[in-house]
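Survey of secondary and tertiary structure
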Amino acid sequence: MPSYGELRAELATLTTEAFRPELAEIDRRSTEDIARVMNGEDQTVPAAVAAQLPRIAHAIDATAERMARGGRLIYAGAGTAGRLGILDASECPPTFNTDPSEVVGLIAGGPGAMVKSVEGAEDSKELAAADLDELKVDVNDTVVGISASGRTPYAVGAVEHAHALGALTIGLSCNADSPLAAAAEHGLEIVVGPELLTGSTRLKAGTAQKLVLNMISTITMIRLGKTYGNLMVDVRASNDKLRARSRRIVALATGAPDDEIEAALAATDGEVKNAILTILGAVDGPRAAELLSASHGHLRVALEASRGQAPGYGGVRKETGETLANALVVEEAHALAAYRERQARGESLGVPHDEAFRRVFGEDDAGNA
């Protein structure tokens, strides 16, 4: 444990802790002026994230590979960093229909630290190791240590212990040459510079961490087949808004009228992905479940199987070498053709669906591209 003097000297070297003399009298400025300065600061964050995109992508691909084998995504941090990890983890079940155990957030000091600081918790590597041992971390898991400074013992300890257990490790920090990044297999250093308020890393650093966590969880779930195009086909309809969204997703994916959508959802216990497959693949509910199980939840692969096509792999169709980006265009063409056929028969899908198709396919008038 470093002494107070040593710790003070260490903090003085971190860009996230740097003092900005030009803002020394910011409290004298107008509210609008301060807001404009903060807004300008926030606009620099995406560029800092962009500089690390190749590293972020490599980390995501490695995470998806482990999760495809049954592994978990585990975030570990203290204070703001820990809270951001828990926030991202808690959004995955309703968005992607994951089990709460699949994406987990750990915060130094336990759940109570979400709202009240726990004295000394962030300073313990041993606490991080104990928290991971409680989860029985193994070689299929991914552990993401999150720390703006890149030196927080809890986050560094989590990555070190996870590495010793054979898990994939990612270190997300906002300072260059951080101990956290050095300890991780994938070091992601999003250097956003000094904060508006000296050392208040819930500002730019927190925004940067949130953006990267969004990428890690979202793109991993895309890779795992939790989406169809940009539609959240694994959404869990746990409230009225999500139930309405579920029906809209099926409509956008299939172009089917409301009664067909309701019948499909009823036949599949409300599972959006299964409902889409029954409509586009012309199969019943049980067969849709079988195809999705065989495709490990990838709707596009299941659709190919329902049509007797060989499934693609690695982003490319095995039989033709066609990229899945081109395949999506083909699927959209099928959906548009089905939509136009219904229009030709005078079957309106209802104003919301007609407007959605015009928006998606760029049609000025019904049936006219």
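Look up a bit, the structure's there.
Residues numbered from 1 in each chain as written. Predicted model: local features only at pLDDT ≥ 70, side-chain atom pairs only at ≥ 80, totals over all residues. Heavy atoms only, no water.

1. Overview of the overall build of the protein chain
- A tally of regular secondary structure across the protein chain gives 16 helices and 7 strands.
- The proportion of buried residues among the 369 residues of the protein chain is 45%.
- Considering only residue pairs separated by 6 or more positions, the protein chain has 64% of its internal contacts joining residues 24 or more positions apart.
- When the accessible area of the protein chain is evaluated, it comes to approximately 18000 Å², of which 53% is carbon and sulfur surface. (Helix = DSSP H or I, 4+ residues; strand = E, 2+ residues; numbered from the N terminus. Buried < 20%, exposed > 50% of the residue type's maximum accessible area, 1.4 Å probe, protein only. Contact = heavy atoms within 4.5 Å. Areas by Shrake-Rupley, 256 points an atom, 1.4 Å probe, with all protein chains shown as cover.)

2. Section: the nonpolar core
- Membership of the largest hydrophobic core comes to 31 residues, with the highest contact counts inside it found for Tyr75, Val103, Ile190, Val192 and Val212.
- Those elements that provide at least two residues to this core are α3 (45–50), α4 (53–68), β1 (73–77), α5 (79–96), β3 (142–146), β4 (168–173) and α9 (204–223).
- In terms of residues, this core owes the most to one element, α9, which gives 6 residues.
- Apart from the residues within four sequence positions on either side, Ile190 is in contact with Ala48, Val49, Gln52, Ile56, Leu172, Ser173, Cys174, Ala208 and Val212.
- Membership of the second largest hydrophobic core comes to 26 residues, among which are Val233, Ile261, Ile276 and Leu299. (Core = buried A, V, L, I, M, F, W, Y, C linked by side-chain atoms within 4.5 Å.)

3. A short note on the pattern of salt bridges
- Within this structure, the stated rule accounts for 14 salt bridges.
- Among the salt bridges present, the one from Asp240 reaches Arg243, with a minimum N-O distance of 2.8 Å. Remark: Arg243 and Asp240 occur in helix α10 (residues 240–254); sequence separation between them is 3 residues, near one turn of the helix.
- Take Arg243: its relative accessible area is 35%, and that puts it in the partly exposed class. (Salt bridge = Lys/Arg side-chain N within 4 Å of Asp/Glu carboxyl O.)

4. Regarding α5
- Under the 1.5 Å per step criterion, the end-to-end length of α5 is 26 Å for 18 residues, consistent within 8% with the ideal 26 Å.
- Inspection of α5 places Ala81, Gly82, Leu84, Gly85, Ile86, Asp88, Ala89, Cys92, Pro93 and Phe96 among the buried residues, and these make up the whole buried set.
- Looking at the packing, one finds that the buried side of α5 touches β1, β2 (103–107), β3 and α9.
- Looking at the residues trailing α5, positive phi occurs at Asn97, about 60 degrees. (Expected span 1.5 Å × (residues − 1).)

5. Observations concerning the sheet that holds β3
- The strand order across the open sheet built from 5 strands is β2-β1-β3-β4-β5, with neighbouring strands paired in parallel fashion. The open sheet is flanked by β2 and β5 (186–189), the only strands paired with a single partner. Neighbour to neighbour, the strand axes of the sheet diverge by 15 degrees on average, direction disregarded.
- Pairing geometry for β4 and β5, over 4 bridges, is parallel. Bridging from a neighbouring strand, Ile170 pairs with His186 of β5.
- Seen against the sheet, α5 touches β1, β2 and β3 and runs at an angle of roughly 160 degrees to β2.
- Those strands touched by helix α6 (residues 125–135) are β1, β2 and β3, and its axis lies near 150 degrees from that of β2. (Pairing = 2+ DSSP bridges. Axes fitted to C-alpha atoms, helices over the stretch in contact; angles between N-to-C directions.)

6. Re empty space enclosed by the protein
- Summed over the entire model, instances satisfying the criterion amount to 1 cavity of 30 Å³ or more.
- Reported here for the largest cavity is a volume of approximately 40 Å³.
- If you trace the largest cavity, you find it lined by Met38, Glu41, Asp42, Glu195, Leu196, Leu203 and Lys204.
- If you tally residues by element for the lining of the largest cavity, the top one is helix α2 (residues 31–42), at 3 residues. (1 Å grid on protein atoms, 1.4 Å probe; cavity = no way out; pocket = protein on both sides within 12 Å on 5 of 7 lines; lining within 4 Å. Points joined across faces, edges and corners; volume = space filled by probe spheres on them.)

7. Overview of unusual backbone geometry
- If you check the backbone angles, Lys136 has positive phi at about 55 degrees while not being a glycine.
- Counting through the fold element by element, Lys136 comes out in the loop between α6 and β3.
- What makes Lys136 exposed here is its relative accessible area of 65%.
- The residue Ala282 is not glycine, and still its phi comes out positive at about 55 degrees.

This is a description of form; function is not addressed.
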